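Fold and geometry: a report
Chain by chain, the residues run as shown.
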Amino acid sequence: MRHFRPAAERGHANHGWLDSYHSFSFADYYDPQYMGFSALRVINEDRIAAGAGFPTHPHQEMEILTYVLDGAVAHKDSMGNVATVTAGEFQIMSAGTGITHSEFNPLPDQALHLYQIWILPGTAKVSPRYAQQRFAEPRGRQLILSPDAEAGSLLVYQDMRLWRWAFEPREHGQSFPLTHGRHLWLQGVRGQVMVDGQLLAAGDGLAIWDEPEILIESLDLDAEILLFDLP
């Protein structure tokens, strides 16, 4: 079974300094049909104006992942971390028992484009933590998150894995098997791919479950998706 979530039907909020699209209910956008999927709670695609950002605010009991597509994020948190996350890097925080943090676009003349993703943790009341990583950028499927930091991936406190999948142009017949009882969410990041005949473009989402495998074909140069394997 599958459910397609077109980019154009996502929730949308434009605050001037922040232009944000919500795959699931978030802030003032509420749709009872889109409260999350499996352990995914938030997928926001944000564009943040030069010099703007989110002032210090709190979180608890959430795994918070940021993937910077263009620009940079200036990060500060209550654990004492001060860091800059640049295009192509991933940042993860386990809010656990409680953190505060701020995230700003430090560039004076360039907008920031990122995905912010919230994942419900499988373990409660963990100590807050912070990590960021720049992965090499080969073509193919690359493990970004896993519950045991497998193959150099970032640790996440949930029984899930996230791959960044970058395709060669007109790449044919790439398959991904589904383990029984698991769920997949595919998020289009760049370009276009076909998933078993379903077009998936940047910003689109596709939920899949109770199927043995999927077959993906790229349509564009440098097409990229995020693939979540979820409980």
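Since this is a predicted model, take the numbers as computed values, not measurements. Throughout, a residue's number is its position along its own chain's written sequence, starting from 1. Totals for whole chains, interfaces and linings use every residue, but because this is a predicted model, local features are given only for residues with pLDDT of at least 70 and side-chain atom pairs only at 80 or more, for both listing and counting. Only hydrogens and water are set aside; all other atoms, that is, all heavy atoms of the structure, feed into the side-chain values.

What about the overall build of the protein?
- What counts as a helix is a DSSP run of H or I of at least four residues, what counts as a strand is a run of E of at least two, and both are numbered from the N terminus. Summing up its helical and strand segments, the protein has zero helices and 22 strands in all.
- Here the globule rule is a power law, 2.2 Å times the number of residues to the power 0.38, and the radius of gyration is based on C-alpha atoms. A globule of 231 residues ought to have a C-alpha radius of gyration of about 17 Å, and the protein, at 17 Å, matches this closely.
- Here the C-alpha coordinates of the protein stretch approximately 45 × 40 × 40 Å along the principal axes.
- Type-normalised accessible area, obtained with a 1.4 Å probe on protein chains alone, sets the label of each residue: buried when under 20%, exposed when over 50%, and partly exposed for intermediate values. Across the 231 residues that make up the protein, the buried fraction comes to 51%.

As for the side chain of Ser-153
- Secondary-structure assignment places Ser-153 in the loop between strand S13 (140–146) and strand S14 (154–155).
- According to the relative accessible area criterion, Ser-153 is buried, its value standing at 6%.
- At 2.7 Å, the side chain of Ser-153 and the side chain of Ser-146 are in polar contact.
- A polar contact of 2.6 Å, which involves the side chain of Ser-153, links it to the backbone oxygen of Glu-150. We define a polar contact as two N or O atoms separated by no more than 3.5 Å, with the added condition that, inside protein, one atom must be a possible hydrogen donor and the other a possible acceptor, whereas residues neighbouring each other in sequence contribute only through side-chain atom pairs.

Side note on the side chain of Arg-161
- Within the secondary structure, Arg-161 is located in strand S15 (residues 161–166).
- Side-chain polar atoms of Arg-161 contact the side chain of Glu-150, separated by 3.2 Å.
- Residue contacts are counted whenever heavy atoms from the two residues lie within 4.5 Å of one another. Each residue touching Arg-161, except ones within four places of it in the same chain, is listed here: Leu-143, Leu-145, Ser-146, Pro-147, Asp-148, Glu-150, Leu-227, Phe-228 and Asp-229.

Examining the sheet that holds strand S19 (residues 198–201)
- Any two strands with at least two DSSP-identified bridges between them are counted as paired. Ordered in space as S16-S21-S18-S19, the four strands form an open sheet in which the pairing is antiparallel. Taken across any chain shown, the strands that pair with only one partner, and hence form the sheet edges, are strand S16 (174–177) and S19. The mean angle between the axes of side-by-side strands here comes to 30°, regardless of whether they run parallel or antiparallel.
- With three bridges connecting them, strand S18 (residues 192–195) and strand S21 (residues 213–218) associate as antiparallel partners. Looking across to S21, one finds that Val-193 is bridged to Ser-218. Whenever a helix is involved, its axis is fitted only over the stretch in contact; in every case the axis is a line through C-alpha atoms, and angles between N-to-C directions fall within 0 to 180 degrees.

A short note on empty space enclosed by the protein
- Each cavity reported here is a set of points on a 1 Å grid over the protein atoms alone in which a 1.4 Å probe fits but cannot get out, each pocket an open set with protein on both sides within 12 Å along at least five of seven lines, and each lining residue one with an atom within 4 Å of a point. Grid points are joined across faces, edges and corners, and a volume is the space filled by probe spheres set on the points. Enumeration over the complete set of coordinates arrives at one cavity of 30 Å³ or more.
- Here the largest cavity is characterised by a volume of approximately 40 Å³.
- For the largest cavity, the full set of lining residues is Phe-54, Thr-66, Val-73, Gln-91, Glu-103, Leu-114 and Gln-116.
- Gly falls in the polar group here, along with every residue not listed as nonpolar (Ala, Val, Leu, Ile, Met, Phe, Trp, Tyr, Cys, Pro) or charged (Asp, Glu, Lys, Arg). When its residues are assigned to classes, the lining of the largest cavity shows three nonpolar, three polar and one charged.

None of this, on its own, says anything about what the molecule does.
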